[in-house]
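Summary of structural features
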Amino acid sequence: MVKVTKFVSSRPLVSLILLVVFGTIPIVIWCIATKNIRNNVDSLTEDRRSSLVSEIENIGRFIYPKTNSSTISLAGVIDSFITNNNNIHFTEIQTQIAPVLFHAYSMIPEVSQVSYISTDGLLFSYITGINTSFAVFANSTGGDYTWYTQTIDQRTGLLNGDATRSQPLDVTNTDWFHAAQRDHVTAFVGTGLGGQDNEILFQTVVSLDSKKGVVSLGFPVKSFTSDLNRLNLRGGELYMWTKDGTVLVYESSLIVSSFIPRDCSSGWVKETKGSKFEAYCSVLEVSGVPLSYTLMSPNKGIGTSISNAAMYMLIFMAIYAFFWPLGFVVCMVRAARREMDLRSSLINQMEATQQAERKSMNKSQAFAQASHDIRGSLAGITGLIDLCRQEVKPGSDVDASLQQMNVCTKDLVALLNSVLDMSKIESGKMLLEEEEFNLAKLLEDVVDFFHPMAMKKKVDVVLDLHDGSILKSSNVRGDSGKLKQILNNLVSNAVKFTVEGHISIRAWAQKPGPKSSVVLASEPKGSVSMFSKLMLCMSKDQSSSSVYENEISNSIRNNANTMEFVFEVDDTGKGIPVEMRKSVFENYVQVRETARGQQGTGLGLGIVQSLVRLMGGEIRITEKAMGEKGTCFQFNVLLLTASETDVNAREDIESVAGGDYVASTPNLGLTINTSSGGSMNIRHHLSPRFNNCLSSSPKQEASRVVLLLKDEERRRVTEKSIKILGIKVTVVEKWEHLSNALERLFGFSPQSSMESSLRNELSSTSSRELPLIGTDGVDSRSQLPRRRSASFSAFVLLMIDANAGPFLEMNDVVEKFRRGLHHGVVCKVVWLNEPTGRGSERGDVCCLKPLHGSRLNRVLKMLPELGGIVPRESSLLRHTLVATSPKGTTSCEIQEVEEEEEPSLRYNKKLGKTIMGPKPVGNSEEERVASNASCDGLLKGKRVMVVDDNRITSSVATRKLKKMGVLDVKQCDNGKEAVRLVSEGLTQGDVLPFDYIFMDCQMPVMDGYETTREIRKVERNYGVHIPIIAVSGHDPGSKEAKDSIKAGMDAFLEKNMNQDQLGKIIREIESKRTAHATTVE
Amino acid sequence: MELVQMQKSLQDYTKSLFLDGVLDSQFLQLQQLQDESNPDFVSQVVTLFFQDSDRILNDLSLSLDQQVVDFKKVDPHVHQLKGSSSSIGAQRVKNACVVFRNFCEQQNVEGCHRCLQQVKKEYYLVKNRLETLFKLEQQIVASGGMIPAMELGF
């Protein structure tokens, strides 16, 4: 943390230093460069201006260079003429002065006006007009003062043309005249004396020495201005004006006249404010006339504007350079802060998580402990209730209450067990037991158990064995109890939430391929569930347990005998919303909307999922097709199929009757075709007689089963499972169609029923024309004649659901049909769901339990194809099975009755209960008796050693064992002693010094594990194996229990040495031992 | 008449022992193990228990009074006591021992002392009760009666 802050806080500092160091260098360079540029530009503009000024001055100086002197000299010449005469007349002027004037006019370059004006007003002047020259003169003075204008001869200067009057000017009174008189020489800019276009001239006036007049020369301003205009001002402006303010030159490309400074003194450079111009003022003397001019140059701003631009640029750059790193730093700081926040929150979260984990672990431990204690107390309560009931008069109110209390406690225990299961799974202590069981029977049991409950709600529970693959490998090894728990949970859920329709339970087996849908819960890749993750991360202990789980499932998977079994529980209930499907498997979750009014802890599916995963499978909710109601749970488990030897043994028995089974009846279907090769198939569940019949009577008439079942699903499933056996099935959907269908099939009609046999042939012939409902795909018409000719009588089995219609009417139809049958045809009726037993009165079979699996097979065995002897009328009664109460604690045991007369079935009984006979679910009483008995037998005459440091425990155990019939109990209070005793016994040549050793785990000197290891070492030399049973105060399934197995002990027993458990363990060890012995042989 | 009454009171007394949680089903099993071939089995075992427990408790008090408590010595004692108490079904002693062992694991001297007191208390309680029980039984036997079999449906 500190490091981070340091790093972050140092970053802006570094960037600031960088900014300062690398920022100042370019600024300095920048400043110098701009300064240079500005200086250069300034000097350039200065140069340009001064050159412009000198050009202007040159023009002014050289355009009329000698006007003054030439005027003075002219005046001198004229003076010399005039001095002689005091009074000059015009004629004199005309004759004497005019030629001089003309001479001057033609001699002086550029002159445009030469004139002589006498003080009294006489005037003679030559003026340059357009294309011509003319003279203006005044030949008189006084009142009739008139000016005349007359063209002249260009060469001589003589007047030629007509004189025209023109407006006279009082010349003698003008300023310039006076000034000339006074100063001798004067110059001004003014209009000329006449002419058509009286233009503005530079005029130089010189008075005569005699003071009798003045001489003036005029030069055109126009040529001067045009010269100036020819100058290249380079964007500047030039203004020129006379002293009295007459603007002579106004040259501008811009209209900024208002800014022209007129007051600037010569030689000054003045900057006008707010203007981009720089004014240069000076005075230019042209032919003696002083002219002020101002040169406006636009260059004034170039230098400054460049520096301004540079400054702006610099500022911009500086700001940019400043803000960019600033922004960067801000971003970095913000990011760092966020990172720090995240880190701290992560740390907090982690702490919280750890704490929560610890808490939850402690909680679940406490939970397990508490549940355990509660279970103990509950056991006490049940015991006390039993005690009370003994003292209470049976049948009294108290007795009833006690009974109810008993029920309540049992419920509580069940609830507690589920909670305990949960906590066991959570703490990874749940272990799978392994035992051999019949999967098909288990499924049947489950369905049978829920069937009455569901039937109360008018919901049918259908067992669908699909392709019968379960039957082929129904003997499996695995944890039947847990599998049953899973199925019970799912089915009870389905029953709970289904109001109408049906619940079907499908099951099939498949080879566990690499692509099988099984996902191991503890597999690292793939979809590791939240739950298993949680389990993984809970603690080391748990993770080791999940590794253990992994081992189990891997070992299961890798075994060649492993089969994958897929189960589906499909209901037509409300269904689970899609968004709830994932969370449904979490603990304590119930779908609120659907669970209304239903009880439960919400633990069920969570336990189910954990159990399924424990068995190496996965559970999920499969998608149903659109419009289909309900939920479909699918799960798969991996189970070991029964070992080969078992199967072979069974086959041997079968083959006694059947010999070689070669399929010869083509229409008997798949089962028979595979019979010769497959090691396991449906034969195991059918009598050998069946197989016998299949091979021996190929021409035998086919029997037919007519199904009238209310529930569609059951109809479909039953039909399929019968068809798989190769029996023809006709399905009738409604009871109204029953008589019709029977008529079509067998030529029976209610009308003709009385005429029985005679009519039967006729009608059966006529039935050829009728379309048949034969669903088996075999053309029934072709069979009808054969049936008639056959020596073997056909068999008709009617399976009728009593709920499908009114019983009496259906019965009526059946009765009529029976009466109308051909003599050789045997008809048998099986009533389903008929509680009153009315059907049985007539010798029909009644079945309250769902008709599937083994029960269906048993019913079908009545068919001749499947080994049934065509029942005689008398034996029919004996098949009758009436279940008197709907609860039916003992099922309708068809086989028990059948057993008596059919030797073919007896072998099934011999093989044990696993194959035949639905056992009531909860008959543990019987079992216990059996186990006790066998337990006593097992230990009778054995020699046993009890190793326990606690003499009390040891003596109690001894007593217990003695009570069980043990011949000799050796007590031994520490491990060393035990090892010594064993080795002593062995060295003395005793093959097996002790049959069993009961070993306490925690002992001083040498503990149970160590002792066991030692004993195993000693044993090895003699090639014997003494079963050692660990006895400990811990739970079976705890770490200690596992340790004990690891140490080499054979089994684990709780300290109180429950007799049942002990018996079970002993039997297990014995069976292992014998199995071992046989394999050795 | 008195015999019947005695039998009844014995039954009541035994039941009260179970109800108080002093004894549990293990004790019943012990009683079931007692038969003609071994008529004094229960009292034998219980006497053994008393002897052992007296010794263990003594040892425990001694080791806990040491300046430096050696928990490695204490724990086996408690374990033994726990085993034997659970064997005769002295439930409350056993439970106290379980707690005691936890404190031992935590090496909590203070807790251990408290637990020792608790264990002693429970032990003397069960000792008292059992002695009373045996006295009752002896009285019944002395007056020629049968000890009624207790059966709890565990």
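Residues numbered from 1 in each chain as written. Chains lettered and ligands numbered in written order. Predicted model: local features only at pLDDT ≥ 70, side-chain atom pairs only at ≥ 80, totals over all residues. Heavy atoms only, no water.

As recorded in an unreviewed UniProt entry, chain B goes by Histidine-containing phosphotransfer protein and comes from Brassica napus. Taken directly from UniProt, the Function (unreviewed entry) text for chain B runs: "Functions as a two-component phosphorelay mediators between cytokinin sensor histidine kinases and response regulators (B-type ARRs). Plays an important role in propagating cytokinin signal transduction." (UniProt positions renumbered as here; feature names shortened; annotations may be inferred.)

As annotated in an unreviewed UniProt entry, chain A is histidine kinase from Brassica campestris. What the UniProt record of chain A gives under Catalytic activity (unreviewed entry) is the line "ATP + protein L-histidine = ADP + protein N-phospho-L-histidine."

1. Regarding the overall build of chain A
Along the backbone of chain A there are 32 helices and 30 strands. The contacts in chain A between residues at least 6 apart in sequence include a share of 66% that link residues at least 24 apart. (Helix = DSSP H or I, 4+ residues; strand = E, 2+ residues; numbered from the N terminus. Contact = heavy atoms within 4.5 Å.)

2. Some words on the UniProt feature "modified residue: Phosphohistidine" (unreviewed entry) in chain B
All names here are of chain B. The UniProt feature table records "modified residue: Phosphohistidine" (unreviewed entry) at H79. Inspection of the secondary structure assignment puts H79 in helix α4 (residues 71-88). Classification of H79 as buried rests on a relative accessible area of 14%. (Buried < 20%, exposed > 50% of the residue type's maximum accessible area, 1.4 Å probe, protein only.)

3. Considerations on the nonpolar core
A:I78, A:Y116, A:F202 and A:F224 are the most contacted members of the largest nonpolar core, which has 54 residues in total. Among the nonpolar cores identified, the runner-up in size contains 50 residues, and A:V461, A:L465, A:M563 and A:I607 belong to it. (Core = buried A, V, L, I, M, F, W, Y, C linked by side-chain atoms within 4.5 Å.)

4. Section: a nonpolar patch on the surface
A surface patch of nonpolar side chains, about 870 Å² in accessible area, is lined by A:L13, A:V14, A:I17, A:L18, A:V20, A:V21, A:F22, A:I25 and A:I29. Inspection of the secondary structure puts A:I25 in helix α1 (residues 2-63). (Patch = residues over 30% accessible without salt bridge, like charges linked within 9 Å, V, L, I, M, F, W, Y side chains within 5 Å. Areas by Shrake-Rupley, 256 points an atom, 1.4 Å probe, with all protein chains shown as cover. Salt bridge = Lys/Arg side-chain N within 4 Å of Asp/Glu carboxyl O.)

5. Focus: the sheet that holds strand β28 (residues 996-1000) of chain A
Residues and elements named next belong to chain A. Reading across the sheet, the five strands line up as β27-β26-β28-β29-β30 and stay open at both edges, with parallel pairing between neighbours. With one partner strand each, in any of the chains shown, β27 (968-972) and β30 (1051-1054) form the two edges of the open sheet. On average, each strand axis in the sheet is inclined to that of its neighbour by 25°, with strand direction left out of account. In this sheet, β27 lies alongside strand β26 (residues 943-947) in parallel orientation, the contact comprising five bridges. From the neighbouring strand, V946 faces β27, where its bridge partner is Q971. (Pairing = 2+ DSSP bridges. Axes fitted to C-alpha atoms, helices over the stretch in contact; angles between N-to-C directions.)

6. Some words on the environment of A:L708
All names here are of chain A. Following the sequence through the fold, L708 ends up in strand β21 (residues 704-708). Along the backbone, L708 and L738 are 30 residues apart, and their C-alpha atoms lie at a distance of 7.5 Å. In this structure L708 touches V732, E733, K734, W735, L738, M799, I800, D801, A804 and M810, once residues within four positions along its chain are discounted.

7. Describing the packing of aromatic side chains
Inspection of every chain in the model, using the stated rule, returns 20 aromatic pairs over all chains. Ring centres of A:W176 and A:F177 lie 6.3 Å apart, and the angle between their planes is 70°; on these two criteria the pair is classed as edge-to-face. Judged by relative accessible area, which is 3%, A:F177 ranks as buried. Note that A:R959 overlies the ring of B:F41, its terminal NZ or CZ placed 5.5 Å from the centroid. Here the basic side chain of B:K127 rests over the ring of B:F50, its NZ or CZ set 5.6 Å away from the ring centre. (Phe/Tyr/Trp six-rings, centres within 6.5 Å; stacked < 30°, edge-to-face > 60°. Lys NZ or Arg CZ within 6 Å of the ring centre and 35° of its normal.)

8. Let's talk about the interface of chain A and chain B
Counting from both sides, the interface comprises 19 residues of chain A and, opposite them, 27 residues of chain B. By the criterion of area lost to chain B, the three top residues of chain A are A:R951, A:I952 and A:R959, representing 30% of everything that side buries. Linking chain A with chain B are two salt bridges, by the criterion used here. Of the charged contacts, one joins A:E391 and B:K15 as a salt bridge, the two residues approaching to 3.5 Å between their closest N and O atoms. Linking chain A to chain B there are six residue pairs in polar contact (both at pLDDT 80 or more). Broken down by secondary-structure element, the contributors of at least two residues to the side of chain A that touches chain B are α6 (300-391) and α28 (951-963) of chain A. Looking at the side of chain A that touches chain B, its residues break down into five nonpolar, seven polar and seven charged. (Buried area = accessible area lost by both parts, 1.4 Å probe. Polar contact = N/O pair within 3.5 Å; in protein donor to acceptor, adjacent residues only side chain to side chain. Nonpolar A, V, L, I, M, F, W, Y, C, P; charged D, E, K, R; others polar.)

9. Quick look at the packing of α4(B) against helix α5 (residues 91-106) of chain B
All names here are of chain B. Running from amino to carboxyl end, α4 crosses α5 at an angle of 160°, the nearest separation of the two axes being 9 Å. On the basis of the axis angle, α4 is roughly antiparallel to α5. For the pair α4 and α5, the crossing hand works out as left-handed. Across from F71, V74, D75, V78, H79, L81, K82, S85 and S86 in α4, the residues of α5 making contact are V93, K94, C97, V98, F100, R101 and C104. By residue class, the composition of the contact of α4 with α5 is nine nonpolar, three polar and four charged. (Parallel < 35°, antiparallel > 145°, perpendicular 65-115°, else oblique. Left-handed = near helix turned anticlockwise from the far one by under 90°.)

10. Comments concerning the confidence of the model for chain B
Averaged over chain B, the pLDDT score is 83; the fraction of residues at 70 or greater is 95%. The complex model carries a pTM of 0.39, and its ipTM stands at 0.84. (pLDDT = per-residue confidence, 0-100.)

11. Section: helix α18 (residues 712-724) of chain A
Residues and elements named next belong to chain A. The first and last C-alpha atoms of α18 sit 18 Å apart over 13 residues, in line with the 18 Å expected at 1.5 Å per residue. Among all positions in α18, only E713, R714, R715, V717, T718, E719 and I722 are buried. The positive-phi residue at the C-terminal boundary of α18 is G726, with phi of around 90°. (Expected span 1.5 Å × (residues − 1).)

12. Quick notes on the sheet that holds strand β2 (residues 123-128) of chain A
Residues and elements named next belong to chain A. With antiparallel pairing, the eight strands of this open sheet are ordered in space as β5-β4-β3-β2-β1-β8-β7-β6. The open sheet has two edge strands with one neighbour each: β5 (164-166) and β6 (185-191). Averaged over all pairs of adjacent strands, the angle between strand axes in this sheet comes to 25°, irrespective of strand direction. Relative to strand β8 (residues 213-220), strand β1 (residues 113-118) runs antiparallel, the two being bridged by six bridges. When the bridges of β8 are listed, S115 appears paired with S216. With respect to the sheet, helix α3 (residues 90-107) is in contact with β1, β2 and β3 (133-138), its orientation differing from that of β2 by roughly 30°.

13. Considerations on the pattern of salt bridges
Tallying each qualifying case throughout the model produces 27 salt bridges over all chains. Among the ionic pairs, A:E568 bridges to A:R506, the shortest N-O distance being 2.8 Å. One end of the pair, A:E568, is in strand β18 (residues 562-571); the other, A:R506, is in strand β17 (residues 502-510), and 62 residues separate them in sequence. The class for A:E568 is buried, based on a relative accessible area of 10%. On the basis of relative accessible area, A:R506 is assigned to the buried category, the value being 11%. The partner of B:R92 in a salt bridge is B:E122, with the nearest N and O atoms 3.1 Å apart. One end of the pair, B:R92, is in helix α5; the other, B:E122, is in helix α6 (residues 109-142), and 30 residues separate them in sequence.

14. What to know about the environment of A:I97
Residue and element names in this part refer to chain A. For I97, the position within the fold is in helix α3. Measuring from C-alpha to C-alpha, the distance between I97 and I78 comes to 6.3 Å, with 19 residues separating the pair along the chain. Other than its neighbours up to four places away in sequence, I97 contacts I78, I82, E92 and Y116.

15. Overview of unusual backbone geometry
Glycine aside, residues mostly have negative phi, and peptide bonds are mostly found in the trans state. For A:H184, which is not glycine, the phi torsion reads 80° and is therefore positive. By the element assignment, A:H184 lies in the loop between α4 (175-183) and β6. For B:Q107, which is not glycine, the phi torsion reads 60° and is therefore positive. Checked against the element boundaries, B:Q107 lands in the loop between α5 and α6.

16. Describing α3(A)
Residues and elements named next belong to chain A. The terminal C-alpha atoms of α3 lie 24 Å apart, and with 18 residues this matches the ideal 26 Å at 1.5 Å per residue to within 8%. Of all the residues in α3, the buried ones are F90, E92, I93, I97, A98, V100, L101, F102, A104 and Y105. Looking at the packing, one finds that the buried side of α3 touches α2 (67-82), β1, β2 and β3.

17. Some thoughts on the packing of helix α10 (residues 480-497) of chain A against helix α14 (residues 604-614) of chain A
All names here are of chain A. Put simply, α10 and α14 touch, their axes get as near as 10 Å, and they point 145° apart. Both α10 and α14 take part in a crossing whose hand is left-handed. Counted together, K482, Q485, I486, N489, L490 and N493 of α10 and G604, L605, I607, V608, L611 and V612 of α14 form the full contact between these two elements. A class-by-class count of the residues in the contact of α10 with α14 yields seven nonpolar, four polar and one charged.

18. Section: the pairing of strand β7 (residues 200-207) of chain A
Residues and elements named next belong to chain A. By the criterion of burial, β7 is predominantly enclosed, with seven of the eight residues buried. Direction of pairing for β6 relative to β7: antiparallel, over a ladder of seven bridges. Residue pairing in the sheet places F188 in a bridge with Q203 of β7. As defined by bridge partners, β7 adjoins β8 across seven bridges and the pair is classed as antiparallel. Following the sheet pairing, V206 is matched in β8 by V215.

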